Amino acid sequence: MLSKFIIMKLFYYIFLLSYLFSERGDVHSIEFLEYKTVEEIQSEIDQDLGGQGISITAEYDVSLYKVIYETLDGYGDTVLASGVIGIPQDLNHAFGVVSWQHGTVIQRDSVSSVTGFNLLSMILSSAGYVYVEADYLGLGVSEGFHPYCLNIPSANTVIDMIRSARNFCNDSPEIQLNEQLSLIGYSEGGYATLAAQKMMEENFSDEFDITISLPMAGPYDMSGTMVDVMLNNTEPYGKPYYLPYVLLAYIEYYDLGELEDFFLPEYAEMLPIWFDGYHSDSYIDEQLPNPPIQILLPDLIQEFESNQNHFLRTHLQDNDLINWVPQSLTYLFHALADELIPFENAQIAYDNFIINGSENITLVPIPESYGGHQDAAPFALITGFQLGLPLQDINPKGDVNTDEQIDISDVIIIVDYIMNVSELSNYLIWASDMNNDNMLDILDIIELVNHILN
């Protein structure tokens, strides 16, 4: 018999080999979190939105799962990250994916993989979307400092979360995906949404076909508009912690030196403690001067202002999201009265996109009457949800050609497959297997024809 030591070593080497050959988006583990019925979801929707005159109907029971998956950190190394997947409960229809990118979070556990359902995840998943939400790097189970407003790690985390959801659904008898993909995010999530869209269109266009993208209230013009806001030394800022959060991330991921090279001594000492993932944003704001520019060394400020080629300015320019050509149907939402992330971010991005040749992009200014950064969010999210519904496909079993109809054209595709053994996708195999026996044959054709005739 093999000794216990040898068996343990064999398991270790098997694990090591599996890790070495893992791919981005591979599912490391899945954990069931919650189940909500249509009635429970409808009750919560009515309670939260009914008083505002907003009517949304829940259509499906939903299961919510925590997923831990493979992605890349800010240095290009493989790491584990977490997020959630919401699954509509219906075996006879195929659903598209909607990926929600949440706003700025400081505390490690203030993410959906820990807190479970929220109103948005209930609305979107019960409406017939497979709901996907990444915690982001540095939050949830992910170690290290959160790469705040860094476009590449933000995009990687979102893209690999979507891949993990696809991998989970393809291996699960509980759900079937169609090919649709919608992106939506607010504040930092608006930034992450546009970053993911950019990477998908430029690097993974053969893998992702975006149905609609809805970036909202994001800081896309990092080196311009947001610099001007943060350099203001006369007016208080609504969220002082934004400035050190960005700088700490850039210092960390670009290896720019010691904190003492940037911050006054008392802040260089305390910032790592305040940003350890266990202090709230309100607590940190109470510790900071306002305007927050006062935490920086005066010499650094002077050098930055006078040198257009300053290394910090260069890194911020590298993370701007305004100098490319979006191809997918895109709506940029932004409140005219946004006091935290000025409307100019969206205007400059939109103007550049139009100049660069984008044709499917619309700027949606939210009127001042809806309020600033936080208050305008419900209007943006509800309007974005309503924009996406007419584009949504929910395909019944038998809809082989994904036109949401079951007719003779679907029969022809199945016959062609059986006669020519042509290759089908996971979706087409599911749609064609009418009798659910995991085989495609004449019996499926007969059942499909009977369905059409009846």
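Q: What am I meant to see in the nonpolar core here?
A: Generally speaking, nonpolar side chains in soluble globular proteins are found buried as a group. Val130, Phe263, Phe275 and Leu296 are the most contacted members of the largest nonpolar core, which has 93 residues in total. In terms of residue count, the dominant contributor to this core is helix H8 (residues 242-253) (10 residues). Those residues in contact with Leu296, other than ones at most four positions away along the chain, are Leu243, Leu247, Phe262, Phe263, Leu264 and Ile301. Formed by 36 residues, the second largest nonpolar core is a distinct cluster that contains Val98, Tyr131, Ala217 and Ala377.

Q: Teacher, can you tell me more about unusual backbone geometry here?
A: Apart from glycine, the bulk of residues carry a negative phi angle, and the bulk of peptide bonds sit in the trans form. The peptide bond linking Asn290 to Pro291 adopts the cis configuration, its omega dihedral lying at 15°. Inspection of the secondary structure assignment puts Pro291 in the loop between helix H10 (281-287) and helix H11 (298-306). Of note, Glu404 is a non-glycine position whose phi angle comes to about 65°, a positive value. Tracing the chain through its elements places Glu404 in the loop between strand S10 (395-396) and helix H15 (408-420).

Q: Before we go on, may I ask you to explain the side chain of Asp285 in this structure?
A: Its location among the elements puts Asp285 in helix H10. Buried charge without a partner: Asp285 forms no salt bridge, and the closest opposite charge is Lys239, 4.7 Å away.

Q: Looking at this structure, I do not really get the pairing of strand S9 (residues 361-366). What am I missing?
A: Each regular strand displays side chains that alternate between the two surfaces of the sheet. Sheet topology note: the strand S8 (residues 330-335)/S9 ladder contains 6 bridges and is parallel. Bridged to Thr330 within S9 is Ile361. With respect to chirality, the unit in which S8 leads through helix H13 (residues 344-356) into the neighbouring parallel S9 is right-handed.

Q: When you look at the packing of aromatic side chains in this model, what are you seeing that I'm missing?
A: The relative placement of two aromatic rings is captured by the distance of their centres and the angle of their planes. In total, this model carries 17 aromatic pairs according to the counting rule given. With a centroid separation of 5.2 Å and an interplanar angle of 20°, the aromatic rings of Tyr75 and Tyr253 are classed as stacked. On the criterion of sequence distance, the pair formed by Tyr75 in the loop between strand S2 (62-72) and strand S3 (78-88) and Tyr253 in helix H8 is long-range, its members being 178 residues apart. Overall, Tyr75 belongs to the partly exposed group, its relative accessible area being 45%. Here the aromatic residues Phe145, Tyr148, Tyr237, Tyr241, Tyr242, Tyr245 and Phe275 are joined through ring pairs into a cluster of three or more. Just above the ring of Phe204 sits the side chain of Arg163; from NZ or CZ to the centre is 4.6 Å.

Q: Would you mind going over the pattern of salt bridges with me for this structure?
A: One side chain can pair with another of opposite charge once the charged atoms of both are near each other. Using the criterion set out here, one finds 6 salt bridges in the structure. Residues Asp160 and Arg24 are paired through a salt bridge, measuring 3.0 Å at the closest nitrogen-oxygen approach. Separated by 136 residues along the polypeptide, Asp160 in helix H5 (residues 151-170) and Arg24 in the loop between helix H1 (4-20) and strand S1 (27-36) bring together distant segments of the chain. Residue class for Arg24 comes out partly exposed when judged on its relative accessible area of 26%. A salt bridge links Arg163 to Asp160; the shortest N-O distance between them is 2.8 Å. Of this pair, Arg163 and Asp160 both sit in helix H5, 3 residues apart, which is roughly one turn of that helix. The burial state of Arg163 is the same as that of Asp160; both residues are buried. A single network of salt bridges, built from pairs that share partners, joins Arg24, Asp160, Arg163 and Glu207.

About the cut-offs
Residues numbered from 1 in each chain as written. Predicted model: local features only at pLDDT ≥ 70, side-chain atom pairs only at ≥ 80, totals over all residues. Heavy atoms only, no water. Core = buried A, V, L, I, M, F, W, Y, C linked by side-chain atoms within 4.5 Å. Buried < 20%, exposed > 50% of the residue type's maximum accessible area, 1.4 Å probe, protein only. Helix = DSSP H or I, 4+ residues; strand = E, 2+ residues; numbered from the N terminus. Contact = heavy atoms within 4.5 Å. Lys, Arg positive; Asp, Glu negative; His and termini not counted. Salt bridge = Lys/Arg side-chain N within 4 Å of Asp/Glu carboxyl O. Pairing = 2+ DSSP bridges. Right-handed = clockwise from strand over helix to strand, strands pointing away. Phe/Tyr/Trp six-rings, centres within 6.5 Å; stacked < 30°, edge-to-face > 60°. Lys NZ or Arg CZ within 6 Å of the ring centre and 35° of its normal.

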